[in-house]
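A look at the structure
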Amino acid sequence: MNSPLASTPVVTANVIPFKKILIANRGEIACRVIRTLSALGIASVAIHHRLEARAKHARMADQAVEIKGETPVAAHLDGRQIIEAALAIGADAIHPGYGFLSENAGFAKAVANAGIAFIGPDAATIALMGDKISARDFAAAHGIPVAPSVMPTQDIDAFARDAAAIGFPLLIKAAAGGGGKGMSIVRSASELTEAARIAASEAQRYFGDGRVYAETYVERPRHIEVQVLGDGQGNAIHLFERECSVQRRFQKIIEEAPAANLAPELREAICAAAVRLVAAAKYKNAGTVEFILGADGRFFFLEMNTRLQVEHPVTEMITGLDLVRAQIEIAAGHGLPMAQGAMMQNGHAIECRICAEDPARDFLPETGAVQYLGVPEADYLRFENGLDPGQRITTDFDPMLAKLVVHGPDRDVAIARSIAALKELALLGVTINIDYLARVLAHPAFRAGDLHTGFVAEHREALAVGEPAPEALHQALIAAALGFREFHDLAFGVPEPHATIGRWRN
Amino acid sequence: MVFKLVLDGNLHEIDIVRRRPHLVLRIDGREHEVSGIGSYGDGRQTIEIAGTAIHFARAHAGDRQFLRLDGRSFEAKLLDPRSVEAGGSGQDSVKAPMPGAVISLHKAVRDHVLRGETIVTIESMKLQTALLAPRDGVIAAILRVAGEVFDKDEVIVRLEAPAQVN
């Protein structure tokens, strides 16, 4: 197979016109992009706020530019300053990574206007897909299934009549909503009007906008997304699907490719729908089309992300393709890396997002410092990170610290290897979620591929931290006690005359 | 000599039974002979318990210690005997459950509060949380003003010691 590390570039006749690329990002994804740039012989430019001047991405890049801002996040969102930096240093392209400015149409436009290539789609496409309503209308117009819905209104009776016509169960949502406020599930016509009234009054109270809308409620939904590549000329291919159903706080924590237990016809239909959408939009870049899949086999368009995805390595591992390289080649006008028919899939890959958070306290973020980092090594795994020894973990950035991505010849092996790697990994100095991730992977429902977006909630008790075996507990207590100087000195203290030199014997 | 150690939130006692010829510790009535002395520093370590080598990794962070042993994470703290003697029932202060910033203060120093009343609203990672009075009482101090940031477990509010009833 191709190396799952996707680090060995295949020689092509086409020469990439970019000599220097600025990465408008930080952390693990900046490090990831720099790796491919190095392999391609393209100079890399990192940007950093003064608080992260010594960060790994800034050290890895060929050049680093400081960007100013009240906070590091504000600096990374300052598009104008970043474009000025790119111009000043002579970068001919900008790679936005994910998050920050990656899906900001205004930024993409400003980059293009400055005469710099934006490694992503054009501003109009970002705007089209960035607006949930326009994206959904565009998808529906091109025959992509969207969840039937009734648009926002304040006429409760008309709303209830139209909503009932869709069929039950229904999800009632606030038009201006978010975070579950003003949402309810309605299972029969008799509950509908009252539920709509309550939702409207809650929406009014929370958001100052009483409009509500309704859509088909998908029971035990799975989050299935398709990795796509488009050349901007209407040609598009898919790189198979990923499943990202294991989520907490509406954010993914475990992703895999391919999805478990997906019937071949269904898989084909979902991937074909994604390609149809991307071709119709004359999309140019790597992208992800997200779907929600119901237990009944119905699937609906959710949204399209017009950028590289956090979980892209699982696709790289099963296809052997380097997606950052594909993005750069597409931006350079070299087209798609291969035809759909030539796309092969090999084995199974799983990504675990390692986050500074405490699963026992509802996944609340944690702070600390990276006091010790011991990373497992194997040719079948990638530990994607931008961590440095001693680095402080603050709430300045996202709690995701690293990604552990593991490949195996099949799903069972990928799970077993992931669990073993998580157990071997030591990232000490801040509370993280790796033991929780290992418990999820080991859970019979996960092993069986019985996944849905409510997995974390459904298995809350089974996934809670268990008591350690008495043997391990005592070992941990002894190891901990000996790590405290007061205890250590007393335990190994020597008769008085030698007491002062005792501690130096180690 | 008995040491009190909090491991993952649970209190344990470790007794140094003997130091010679080998270190013997007692935990929950069980004795363990420890040899192959490790250092108390950070990083990969090995100790021997009853002749078996135990490999683990350790890191200190302030007064906390993080351990990775047997494929599992542990967090330990040595209990300072003075803090136990001080007898703070844990009801005299309100600590930050997570790092973040103060959004607003709902009470002022000298105010009377009832148990469960909101004293401060904080925000962390776009989540707002109310810090509640742990008991009825009078506010002695509010240690952060709106806009100020704090770390997890920092004391944000102190209550006056309850009046002696007897």
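Computed from a predicted structure; not experimentally measured. (Residues numbered from 1 in each chain as written. Chains lettered and ligands numbered in written order. Predicted model: local features only at pLDDT ≥ 70, side-chain atom pairs only at ≥ 80, totals over all residues.)

1. Concerning the environment of Tyr 283 of chain A
Residues and elements named next belong to chain A. The cut-off we apply is this: A run of DSSP states H or I qualifies as a helix once it reaches four residues; a run of E qualifies as a strand once it reaches two. Both are numbered from the N-terminal end. For the exposure call, what matters is how many other C-beta atoms sit within 10 Å of a residue's own: 20 or more marks it buried, 12 or fewer exposed, and in between partly exposed, using C-beta atoms placed from the backbone. Think of it this way: build a C-beta for each residue from its backbone, and any pair within 7 Å is a contact.
As for its position among the elements, Tyr 283 is in the loop between α10 (264–280) and β13 (284–293). The exposure class assigned to Tyr 283 is buried, which follows from the 28 C-beta atoms found within 10 Å. Once the C-alpha coordinates of Tyr 283 and Asp 231 are considered, the two residues, 52 residues apart in sequence, prove to be 6.5 Å apart. When residues no more than four places from it in sequence are discounted, the contact partners of Tyr 283 are Pro 121, Thr 125, Gly 230, Ala 236 and Val 278.

2. Side note on unusual backbone geometry
The step from Phe 168 of chain A to Pro 169 of chain A runs through a cis peptide bond, and the omega angle for that step is -5 degrees. Of note in the backbone geometry, Asp 362 of chain A takes a positive phi value of approximately 60 degrees without being a glycine. With respect to the helices, strands and loops of the structure, Asp 362 of chain A is situated in the loop between β16 (357–358) and β17 (364–365). Residue classification places Asp 362 of chain A among the exposed positions, given that 12 C-beta atoms sit within 10 Å. The phi angle at Asp 153 of chain B is positive, at roughly 70 degrees, despite the residue not being glycine. Residue placement: Asp 153 of chain B occurs in the loop between β15 (149–150) and β16 (155–159).

3. Some points on the packing of helix α5 (residues 105–113) of chain A against helix α6 (residues 123–130) of chain A
All names here are of chain A. To be explicit about the condition: Each axis is a line fitted through C-alpha atoms, and for a helix only the stretch in contact is used; angles between axes span 0 to 180 degrees, taken between their N-to-C directions. Under this scheme an angle from 65 to 115 degrees is roughly perpendicular, one under 35 degrees roughly parallel, and one over 145 degrees roughly antiparallel; angles in between are oblique.
In the contact formed by α5 and α6, the axes pass within 8 Å of each other and the chain directions differ by 175 degrees. By the angle between their directions, the pair α5 and α6 is classed as roughly antiparallel. Note on element contacts: α6 touches α5 through Ala 123, Ile 126, Ala 127 and Gly 130, opposite Ala 105, Ala 108 and Lys 109.

4. Notes on the domain arrangement of chain B
For clarity, the cut-off: The domain boundaries here were taken from an automatic or database domain assignment.
Per the domain assignment, the segments of chain B are domain 1 (2–83) and domain 2 (88–159). The C-alpha-based centres of domain 1 of chain B and domain 2 of chain B are spaced at 34 Å.

5. Quick notes on the sheet that holds strand β10 (residues 100–105) of chain B
Residues and elements named next belong to chain B. Definition in use: Two strands form a pair only when DSSP identifies at least two bridges running between them.
Sheet architecture is open: four strands sit in the order β13-β12-β10-β15, paired in antiparallel fashion. Each end of this open sheet is capped by a strand with a single partner; those strands are β13 (127–132) and β15. Sheet topology places strand β12 (residues 118–124) next to β13; six bridges connect them, and they run antiparallel. Its bridge partner lying in β13, Ile 122 is registered against Thr 129.

6. A closer look at the packing of helix α8 (residues 156–166) of chain A against helix α9 (residues 189–207) of chain A
All names here are of chain A. Going by this rule: Left-handed describes a crossing whose near helix is turned anticlockwise from the far helix by less than a right angle; the clockwise case is right-handed. When residues are grouped by polarity, Ala, Val, Leu, Ile, Met, Phe, Trp, Tyr, Cys and Pro land in nonpolar, Asp, Glu, Lys and Arg in charged, and all others, Gly among them, in polar.
At their nearest, the axes of α8 and α9 sit 10 Å apart, and the two run at 130 degrees to each other. It follows that α8 is oblique to α9 by the angle criterion. Both α8 and α9 take part in a crossing whose hand is right-handed. For the pair α8 and α9, the contacting residues are Ile 156, Phe 159, Ala 160, Ala 163 and Ala 164 in the first and Ala 189, Leu 192, Thr 193, Ala 196, Arg 197 and Ala 200 in the second. Of the residues that constitute the contact of α8 with α9, the class distribution is nine nonpolar, one polar and one charged.

7. Describing the nonpolar core
All names here are of chain A. We count it as follows: Defined on buried residues, the nonpolar core groups Ala, Val, Leu, Ile, Met, Phe, Trp, Tyr and Cys residues joined through C-beta atoms within 7 Å.
Counting 75 residues, the largest nonpolar core has Leu 401, Leu 404, Leu 437, Ala 479 and Ala 481 as its most contacted members. A per-element tally of this core places helix α18 (residues 470–483) first, with eight residues. Residues in contact with Leu 401, not counting those within four places in the same chain, are Ile 354, Cys 355, Ala 356, Asn 385, Leu 387, Ile 393, Leu 427 and Ile 432. Listed in part, the 72 residues of the second largest apolar core include Leu 101, Ile 144, Ile 270 and Phe 300.

8. Focus on the domain arrangement of chain A
By a widespread convention, an interface's size corresponds to the accessible area lost as its parts come together. Each domain of chain A was delimited in the assignment, giving domain 1 (20–129), domain 2 (149–216) and domain 3 (473–505). Between domain 1 of chain A and domain 2 of chain A, the C-alpha centre-to-centre distance is 41 Å.

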